[in-house]
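Reading the structure
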Amino acid sequence: MASHSAQISSDKRFLIFFDFDETIVDETSDDMVVQAAPGQHLPGWLKDTYQPGRYNEYMQRVLAYLAEQGVTESDIRAVMEKIPATPGMLTLFQFLRTRPPQDFEVVLLSDANTFFIESWLRRTGARQLFHRIFTNPATFNKDGRLVMRPFHSHDCQRCPENMCKQVVVRDYVTRRTHERGKPYQRVFYVGDGANDFCPALFLGPKDVAFPRRDFPMHRLITETHEAMPGEFKAVTVPWVSAEEVVQRLRKLMAE
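Only a predicted model underlies this, so the values are computations on that prediction, with no experimental measurement involved. (Residues numbered from 1 in each chain as written. Predicted model: local features only at pLDDT ≥ 70, side-chain atom pairs only at ≥ 80, totals over all residues. Heavy atoms only, no water.)

Unlike most non-glycine residues, E22 shows phi in positive territory, near 60 degrees. Assignment of secondary structure puts E22 in the loop between β1 (14-18) and α1 (29-32). Despite not being glycine, Q40 shows a phi value in the positive range, around 55 degrees. (Helix = DSSP H or I, 4+ residues; strand = E, 2+ residues; numbered from the N terminus.)

Now the structure itself:
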């Protein structure tokens with residue numbers, strides 16, 4: 001899901017990207033949807049079809065299975081709406097909401113899907129915070145099955161076949177800088193997973209990566225600093241509670 005950004009004002013000082021699973025919400029939505037299945041588990045034959053790097057295709061099979069078992073749109077929505085936010089995340093959202101309108105352009109970038117994300121955001125009243133959402137498109141067909149499609153294709157060797165977040169971040173920043181006629185003062189990236197490391201490599205020395213502490217993104221940044229000093233350029237601020245992100249953003253606002 002990627003829409004045009006012409007209606008976003010050009011005076012935003014900062015651009016902040018958020019991942020969804022285990023960053024905004026404290027679970028992985030693809031894992032949580034299994035709670036809607038009979039007995040809250042998937043059969044072994046289905047789990048055995050997973051292939052590394054092809055998770056999107058696997059989830060398409062999972063969603064087809066759920067539909068065959070009579071799981072409805074409202075069943076899936078109910079599961080998504082119950083996923084808890086990560087510690088401090090709703091405080092961070094409130095902080096962003098109450099900033100002057102020229103401060104933050106807020107973008108969500110996730111390898112989940114539109115239905116899972118929109119269900120959760122609307123339930124928590126957070127949908128309006130996000131100017132753009134980039135994720136795998138998913139809609140219910142006439143048979144009541146949630147059909148998910150890959151977001152795009154790319155050539156990055158680090159990322160799953162259906163999404164390289166660095167491609168999305170790079171293209172978005174380049175396009176918006178051209179539309180605005182000026183760069184952002186800083187770009188921020190809040191994430192947790194290995195697929196959040198790749199887009200964070202795009203960030204420059206004035207930008208800030210906010211990896212969830214001791215999650216894969218944080219470990220990869222640490223390993224890169226040790227193995228290839230200077231390769232990862234952004235300032236790194238790990239967090240356990242998103243209130244730590246608020247604290248750092250407050251300091252940067254005051255500069």
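Another aspect to go through is the sheet that holds strand β8 (residues 235-236). As summarised here, the arrangement of the 6 strands in space is β3-β2-β1-β6-β7-β8, forming an open sheet in which the pairing is parallel. Looking at strand neighbours, the two that pair on one side only are β3 (132-136) and β8, the edges of this open sheet. Sheet topology places strand β2 (residues 104-113) next to β3; 4 bridges connect them, and they run parallel. Pairing of L108 across the sheet is with I133, part of β3. Docked against the sheet, helix α6 (residues 114-124) engages β2 and β3, running at close to 130 degrees with respect to β2. (Pairing = 2+ DSSP bridges. Contact = heavy atoms within 4.5 Å. Axes fitted to C-alpha atoms, helices over the stretch in contact; angles between N-to-C directions.)

Core analysis: the largest hydrophobic core is formed by 57 residues, its most contacted members being F18, I24, L92, F104, F130 and L249. With 6 residues, the single largest contributor to this core is helix α3 (residues 55-68). If sequence neighbours within four positions are ignored, F130 has contacts with F18, I24, F93, V106, V107, L108 and L121. Grouped together as the second largest cluster of nonpolar side chains are 23 residues, F17, V168, M217 and F232 included. (Core = buried A, V, L, I, M, F, W, Y, C linked by side-chain atoms within 4.5 Å. Buried < 20%, exposed > 50% of the residue type's maximum accessible area, 1.4 Å probe, protein only.)

Take the pairing of strand β7 (residues 208-211) next. Of the two faces of β7, the one carrying V208 and F210 and the one carrying A209 and P211 are both buried. Where strand β6 (residues 186-191) lies against β7, 4 bridges are found, and the strand directions are parallel. Directly across from Y189, in β7, lies its bridge partner A209. In this fold, β6 hands off to helix α8 (residues 194-200), which returns the chain to β7; that crossover is right-handed. Bridge count for β7 against β8 is 2 bridges, and the pairing is parallel. In the strand pairing of β8, V208 is matched with V235. (Right-handed = clockwise from strand over helix to strand, strands pointing away.)

Scope: geometric values only; no functional claims are made or implied.
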